[in-house]
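Read off the chains here:
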Amino acid sequence: MRIAPLCSSSSANSSYIGMGGAGGGVLVDAGCGYKTLLDCLSLCRTDVSAIRAVLVTHEHTDHVKGLKQFTKHNDVPVYASRGTAGFLLTNGYIYNEKNLRDLSELPNAPVDFEIKAFKTPHDSAESVGFSLVAPNGYKIAYFTDLGEITDSVREGAAGADFVFIEANYDADMLRRNDAYPPYVVERISSRLGHLSNADSAEYVSRLAQSGTTRFMLAHLSRENNSPRLAYASVVGKLSDCGMRLNRDYTLDVAGVRTAGEYAAV
Ligand SMILES: [Zn+2]
Ligand SMILES: [Zn+2]
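Scope of this entry: the structure provided in the associated data block. (Residues numbered from 1 in each chain as written. Chains lettered and ligands numbered in written order. Predicted model: local features only at pLDDT ≥ 70, side-chain atom pairs only at ≥ 80, totals over all residues. Heavy atoms only, no water.)

**Describing the sheet that holds strand β10 (residues 162-166)**
Stated formally: The pairing criterion is simple: DSSP has to find at least two bridges between the two strands. Numbering of helices and strands starts at the N terminus; helices are DSSP runs of H or I of at least 4 residues and strands are runs of E of at least 2. Lines are fitted to the C-alpha atoms to define the axes, a helix being fitted only along its stretch in contact, and any angle between axes, read from their N-to-C directions, falls within 0 to 180 degrees.
Spatially, 6 strands are ordered β7-β8-β9-β10-β11-β12 in an open sheet, and the strand pairing comes out mixed. The outermost strands of the open sheet, each flanked by one partner alone, are β7 (114-119) and β12 (250-253). Recorded for the sheet is a direction-independent mean angle of 15 degrees between the axes of neighbouring strands. Sheet analysis places strand β11 (residues 214-218) next to β12, joined by 4 bridges and oriented parallel.

**A few points about the sheet that holds strand β4 (residues 51-55)**
Within a beta sheet, neighbouring strands are joined by backbone hydrogen bonds and run either parallel or antiparallel to one another. With mixed pairing, the 7 strands of this open sheet are ordered in space as β6-β5-β4-β3-β2-β1-β13. The open sheet has two free edges, formed respectively by β6 (100-102) and β13 (263-264), since each of these has just one partner strand. Both strand β3 (residues 25-28) and β4 contribute to a ladder of 4 bridges, which runs parallel. In the strand pairing of β4, V28 is matched with L55.

**A short note on the coordination of the zinc ion (ligand 2)**
Geometry sets the ideal angles at a metal, namely 109.5 degrees for four tetrahedral donors and 90 or 180 degrees for six octahedral donors. For the record, the criterion: Metal sites are built from N, O and S donor atoms within 2.8 Å, or 3.2 Å for Na, K and Ca, and they leave out water, so they may look incomplete. By the criteria applied here, four donors are tetrahedral when all angles lie between 85 and 135 degrees, four are square planar and six octahedral when opposite donors are over 155 degrees apart and every other angle lies between 65 and 115, and any other arrangement is irregular. Each residue is assigned to one of three classes by its accessible area relative to the maximum for its type, calculated with a 1.4 Å probe on protein chains only: buried under 20%, partly exposed between the two thresholds, exposed over 50%.
Around the zinc ion (ligand 2), the protein contributes the donor atoms H58 (NE2), H60 (ND1), H122 (NE2) and D145 (OD), at 2.2 to 2.4 Å from the metal centre. Metal-centred angles of 92 to 169 degrees between the 4 donor atoms at the zinc ion (ligand 2) mark the site as irregular. Going along the chain, you hit the donors of the zinc ion (ligand 2) in the pattern H-x1-H-x61-H-x22-D. The metal-metal distance between the zinc ion (ligand 2) and the zinc ion (ligand 1) comes to 3.5 Å, with D145 coordinating both. For H58, a relative accessible area of 1% corresponds to the buried category.

**Re the coordination of the zinc ion (ligand 1)**
D62 (OD), H63 (NE2), D145 (OD) and H219 (NE2) make up the full set of protein donors to the zinc ion (ligand 1), lying at 2.1 to 2.2 Å. Given 4 donor atoms and angles of 90 to 167 degrees at the metal, the environment of the zinc ion (ligand 1) is assigned as irregular. In primary-sequence terms, the residues that donate to the zinc ion (ligand 1) follow D-H-x81-D-x73-H.

**Some words on empty space enclosed by the protein**
Condition: A cavity, in this analysis, means grid points on a 1 Å lattice covering only the protein atoms where a 1.4 Å probe fits yet has no way out; a pocket is instead an open set bounded by protein on both sides within 12 Å along at least five of seven lines, and a residue lines either one if it has an atom within 4 Å of a point. Grid points are joined across faces, edges and corners, and a volume is the space filled by probe spheres set on the points. Amino acid classes used here: Ala, Val, Leu, Ile, Met, Phe, Trp, Tyr, Cys and Pro are nonpolar; Asp, Glu, Lys and Arg are charged; the rest, including Gly, are polar.
A complete count under the given rule lists 1 cavity of 30 Å³ or more for this structure. Counted as a void, the largest cavity has a volume near 30 Å³. Contributing to the lining of the largest cavity are C7, S8, N13, S14, S15, Y142, T144, F164, A218 and H219. Those elements that place two or more of their residues in the lining of the largest cavity are β1 (2-8) and β2 (13-18). Residue classes in the lining of the largest cavity are distributed as 4 nonpolar, 6 polar and no charged.

See below:
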């Protein structure tokens, strides 16, 4: 399989995950404009026709901004939880409402791998993360926008080979950010907000010790984080646990906008 983070930040999120070649795949979230999405896909040498379905994690703008345009140009099923679907329908985010599918229909998704959803704790209608398992058993777990690691997330990520996980903010930067009113700081760091670098590092260390070998950090805030800080936070934590980068695990950070790189797994 291959996973290509097309855009990833607090303002736009979208990834392609597929089999490579003619196998086809899915778009997880459509948080950037359609032209940007096409540009990003082409940088990753993937044609839009490879996208056989869209998986929506939740209804926040940075995840669905481009959904209406995408569904206008691509007649593919869109999978969302009941809560998310309600919002998408009410606010006109799906061009053809007949394409909307409940998560219970994921076993029928038109792709050659198995997809499951799991609940994530976030201040949205009904957010989820996804696990994707290739025919050879290789498992990817994908989750951003969550305030804490819950049992449902642990279950969803159990046994994953590759984990795409949010590292949204550096706690010191967030605290010192005068541009953010206290209630916003409170919201971001709450149990229904986002994972900090330290939260992410803690969970990555647990996953690494239970067999996950590849990690990609995502959804970094441009105001309250930097790729260098997020990366160092995880490498430091894993080193405390006796795990060495590029020996025991690999680590990447998803860029704000892809430069064409993708992880082949
Ligand atoms: Zn988000
Ligand atoms: Zn969100």
